[in-house]
Every structure is written in C-alpha cells, then in structure tokens.
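A structural walkthrough
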Amino acid sequence: MSRAFNFNAGPAALPESVLLKAQKELLNFNGTGMSVMELSHRSKEYEEVHNGAISLLRKLLNIPDDYEVLFLQGGASLQFSMVPLNLLTEGKTGYYVLSGSWSEKALKEAKKVGKTVVVASSKDDTYKYIPELNADDIKEDAAYLHITSNNTIYGTQWKSFPDVDVPLIADMSSDILCRPLDINKFGLIYAGAQKNLGPSGVTVVIVKKSLVSESLDHLPTMLNYQTYIKNNSLYNTPPTLAIYLLKLVLEWVESEGGLEVLEKRNNEKAKILYDVIDESNGFYQGHAREDSRSNMNVTFTLPDQEKSAEFLKLAKENGFVGLNGHRSVGGCRASIYNAVPVEHVEKLAQFMKSFKNR
Ligand SMILES: *Cc1c(COP(=O)(O)O)cnc(C)c1O
C-alpha cells in the first residue's frame, strides 16, 4: 500500500524514513532485545536517547547555554497554564497578542492565574493577519509578552519577532523547526510535538534559566519548571517512546541539511499552493492576508459551501487526507509541515487546478 497524501493539521505526517527506522528497531533497540518502550527510563540506553534528543535540538536551533531544554507532557495546552503559574507573579501583568484560537485559549488560562492585558488583536477581522504591536503599550508591570508564532487554524504566521524589553514567550507548536530562530530573543518557547517535531505525547519547552530561577514552592511539583530543570526532565517517567521518535525526527532534520534547507523548502512548498490560489481568479480565496501567510498551514475557501464539500469529497477519493478546515472556520486547510514531501504538495496543486477547471 502506498502512503497517503497526508495534510493533517496535527498529529501530522512524519518522515517515512523515521517510521521505517522505528519499525526496524521496534523489537530490538540497540541490541537490548527490547523495544524503546520497554526500557527503563533510568537505563543507560534510554538516557542516551533522552540526552541525544536534547543535544540535537540544541544543535539544530543553536540554543545558548543559558537556556534549558525540557520535555513535558500535557501538550501545549498545559503550557497555557504553566507559563502564568510560573511567571505571572503578584503585581505583574501578562501581555497577550490575540492572533487566533490558540492565543485566546492561552489568555483564558492566564486570566485564572493573574492580571492580563490584550496588547494587540486581529479578532475583529477573523484573525486574517498578525496584528501590529506597539512596543510602547507594554508597560513596566509586564511579566512577559505572549505570542503564537503560527496560527494553525487561520493560517497566519509571524514573519519576524518583536523586539521587546520583557521576556517574549512563544507558542511555536505548529512551526518550530520550520526555519532558523534567534533563541536569544525569547524567554520561553513551547511546542507540542505532534505537528513539526514528532508524535503527540511530548511537549518541548526551551526556557532561559534566569527566568525560572526564583523558587516557587507553593506550586504543584509537576507544574513547576524547576522540577524538570533539576531532574533533566526525568523527575517522573517521561513519554519515552515519543522522545525516541522526536530524536529520530531531529536526526532526519539534520540529515536533510538543517533549518536553512528546511526553511527554503517550506517556502517553496507554500508558494506552490499560494500560487494556485492567487492564479485561480478568485475561485480559491486565501483566508490569510498576504503579508501574514503561513508556510505551514495554507487556508482557503471555495465560492460556496457546496463546492467546498465537493472539493473535499473528491480530494478524499484521490487520496488526499486532512484538507478540511478547522471546525471553527470551515473551508479548507492544507498543513504542509516539514515532513510533507514537495511531491505531495505538487500533487495537491495539480488537483486544485484540475478541480477548478472541471
Ligand atoms: C495544536 C496547537 C496547540 C494545542 O496543542 P496540544 O498539544 O493539543 O495541547 C496549541 N497551540 C498551537 C499553536 C497549536 O497549533
């Protein structure tokens, strides 16, 4: 059986070579006579996987020594709470940019913990663009500024990151590793793995040590970043299989040539689809404003609901998976994360053109 043309938004496509390697090692990992899943998380063999994943991520993203790399569970959604629990201290304010549903959810959780301010928003325009941020609006009471680097549902993405004097926190769940990053600009980055990093079950947090150095003993142990820092993310049993697969994905990223190569490829892939949209005389309408277009999630609509339904039905019959837009916006969405091959994107572009002509 051939592999599907997988445009799922998350969990999403994984590199075929990663799956084959995992398959090959499933019954006997590294001569242990066991699968990775069966290893003790305190064993030397697992430790190599764990630390290997951390050091590879450090290398690929060029993460400076004054940052920690942590593996957590609970998804990006738990980070919506952990960020304010750890950083939004008494008398401080969490500043949020609203650029889509995920940032709304992050704000909702922060409100339960402390004082918040919405410093920019594109909600009134159905999140078609990344709102303009005025750095002067961020006052001295700011604990941090929270942004969502890529808005998975609306298909918008920050092209460059704001220069602010307060810790910048970014939810990068749907675009981490899609391009090189200057980690120094950020206080904390978090990402659920199931879009660009691997399978669901592990969440990566990259945090500047000085930001979480204060002791917060009132916090539940598992909600305190310090627990993970002090124990190399091995305080309790980590999601060992997910971390193993994450490491395989990172090895794949490295073998592909690293983040510069992937960025170029991602932009090419996105252009293939945006060109079809732009050259369709309005048959396909992009949801995102041109200057905010994501190279990870391409969102578009057809002239009416009926045509959308027909498009999705025929696409499915032709082996394309996951093209339905998120239930909150409708229409169509092609998620073209790192692991989606250029050839699959070309196939989709051809299909879109022939559907329009038909
Ligand atoms: C998918 C996604 C989330 C939710 O991630 P979970 O791991 O399911 O909690 C949060 N933020 C963004 C930007 C996402 O794309």
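Note that the structure is predicted; figures quoted are calculated from it, not measured.

Regarding the overall build of the protein chain
Assigned secondary structure in the protein chain consists of nine helices and 14 strands. At 21 Å, the protein chain has a C-alpha radius of gyration in line with the 21 Å of a compact globule built from 358 residues. Taken over the C-alpha atoms alone, the protein chain extends approximately 65 × 60 × 30 Å along its principal axes. Counting all 358 residues of the protein chain, 55% fall into the buried class. Within the protein chain, residue pairs in contact and separated by at least 24 positions form 65% of the contacts whose partners lie at least 6 positions apart. As presented, the protein chain carries roughly 16,300 Å² of accessible surface, and 48% of it is formed by carbon and sulfur atoms. Computed over 39 positive and 43 negative side-chain charges, the separation of the two mean positions in the protein chain equals 5 Å.

Observations concerning the sheet that holds strand 9 (residues 188–192)
Two orientations exist for strands paired in a sheet by backbone hydrogen bonds: parallel and antiparallel. Read across the sheet, seven strands follow the order 2-10-9-8-5-3-4 without closing on themselves; strand pairing throughout is mixed. Two strands close off the open sheet at either side, each with one partner strand: strand 2 (67–72) and strand 4 (115–121). Recorded for the sheet is a direction-independent mean angle of 20° between the axes of neighbouring strands. Judged from the six bridges that link them, strand 2 and strand 10 (residues 203–208) form a sheet pairing that is antiparallel. The partner of V69 across the bridge, within strand 10, is I206. Packing against the sheet, helix 3 (residues 75–87) makes contact with strand 2, strand 3 (93–98), strand 5 (142–148), strand 8 (168–171), strand 9 and strand 10, and its axis sits at approximately 155° to strand 9.

Thoughts on empty space enclosed by the protein
As enumerated under the stated definition, the model contains one cavity of 30 Å³ or more in all. Roughly 50 Å³ of volume is contained in the largest cavity. Taken together, A13, L14, P15, K195, N196, L197, G198, V249, W252, V253, N338 and A339 make up the full set of residues lining the largest cavity. Grouping the constituent residues of the lining of the largest cavity by class yields eight nonpolar, three polar and one charged.

Quick notes on the packing of aromatic side chains
What the rule picks out here adds up to 17 aromatic pairs. Ring geometry for Y96 against Y144: centres 5.8 Å apart, planes inclined by 75°, an arrangement best described as edge-to-face. Of this pair, Y96 sits in strand 3 while Y144 sits in strand 5, and the two are 48 residues apart along the sequence. For the pair F300 and F311, a centre-to-centre distance of 5.9 Å together with 85° between the ring planes defines the contact as edge-to-face. Of the two residues, F300 sits in strand 12 (residues 297–301) while F311 sits in helix 8 (residues 305–317), which places them 11 residues apart along the sequence. Pair check on accessibility: F300 and F311 agree, each one buried. Put simply, the rings of F5, F7, F283, Y284, F300, F311, F320, F351 and F355 touch in pairs and so form one group of aromatic residues. Taking the ring centre of Y129 as reference, the NZ or CZ of R289 above it sits at 4.3 Å.

Observations regarding the packing of helix 2 (residues 44–61) against helix 6 (residues 240–256)
Across the interface, helix 2 lies against helix 6 with an axial gap of 9 Å and an inter-helix angle of 40°. Looking at the two axes, helix 2 sits oblique to helix 6. By crossing handedness, the relation of helix 2 to helix 6 is classed as left-handed. Where helix 2 approaches helix 6, its residues Y46, E48, V49, H50, G52, A53, L56, L57, K59 and L60 are matched on the opposing element by T240, I243, Y244, K247, L250, E251, V253 and E254. The class makeup of the residues in the contact of helix 2 with helix 6 is 10 nonpolar, three polar and five charged.

Rules used in this analysis
Residues numbered from 1 in each chain as written. Predicted model: local features only at pLDDT ≥ 70, side-chain atom pairs only at ≥ 80, totals over all residues. Heavy atoms only, no water. Helix = DSSP H or I, 4+ residues; strand = E, 2+ residues; numbered from the N terminus. Rg over C-alpha atoms; globule rule 2.2 N^0.38 Å. Buried < 20%, exposed > 50% of the residue type's maximum accessible area, 1.4 Å probe, protein only. Contact = heavy atoms within 4.5 Å. Areas by Shrake-Rupley, 256 points an atom, 1.4 Å probe, with all protein chains shown as cover. Lys, Arg positive; Asp, Glu negative; His and termini not counted. Charge placed at Lys NZ, Arg CZ, Asp CG, Glu CD. Pairing = 2+ DSSP bridges. Axes fitted to C-alpha atoms, helices over the stretch in contact; angles between N-to-C directions. 1 Å grid on protein atoms, 1.4 Å probe; cavity = no way out; pocket = protein on both sides within 12 Å on 5 of 7 lines; lining within 4 Å. Points joined across faces, edges and corners; volume = space filled by probe spheres on them. Nonpolar A, V, L, I, M, F, W, Y, C, P; charged D, E, K, R; others polar. Phe/Tyr/Trp six-rings, centres within 6.5 Å; stacked < 30°, edge-to-face > 60°. Lys NZ or Arg CZ within 6 Å of the ring centre and 35° of its normal. Parallel < 35°, antiparallel > 145°, perpendicular 65-115°, else oblique. Left-handed = near helix turned anticlockwise from the far one by under 90°.

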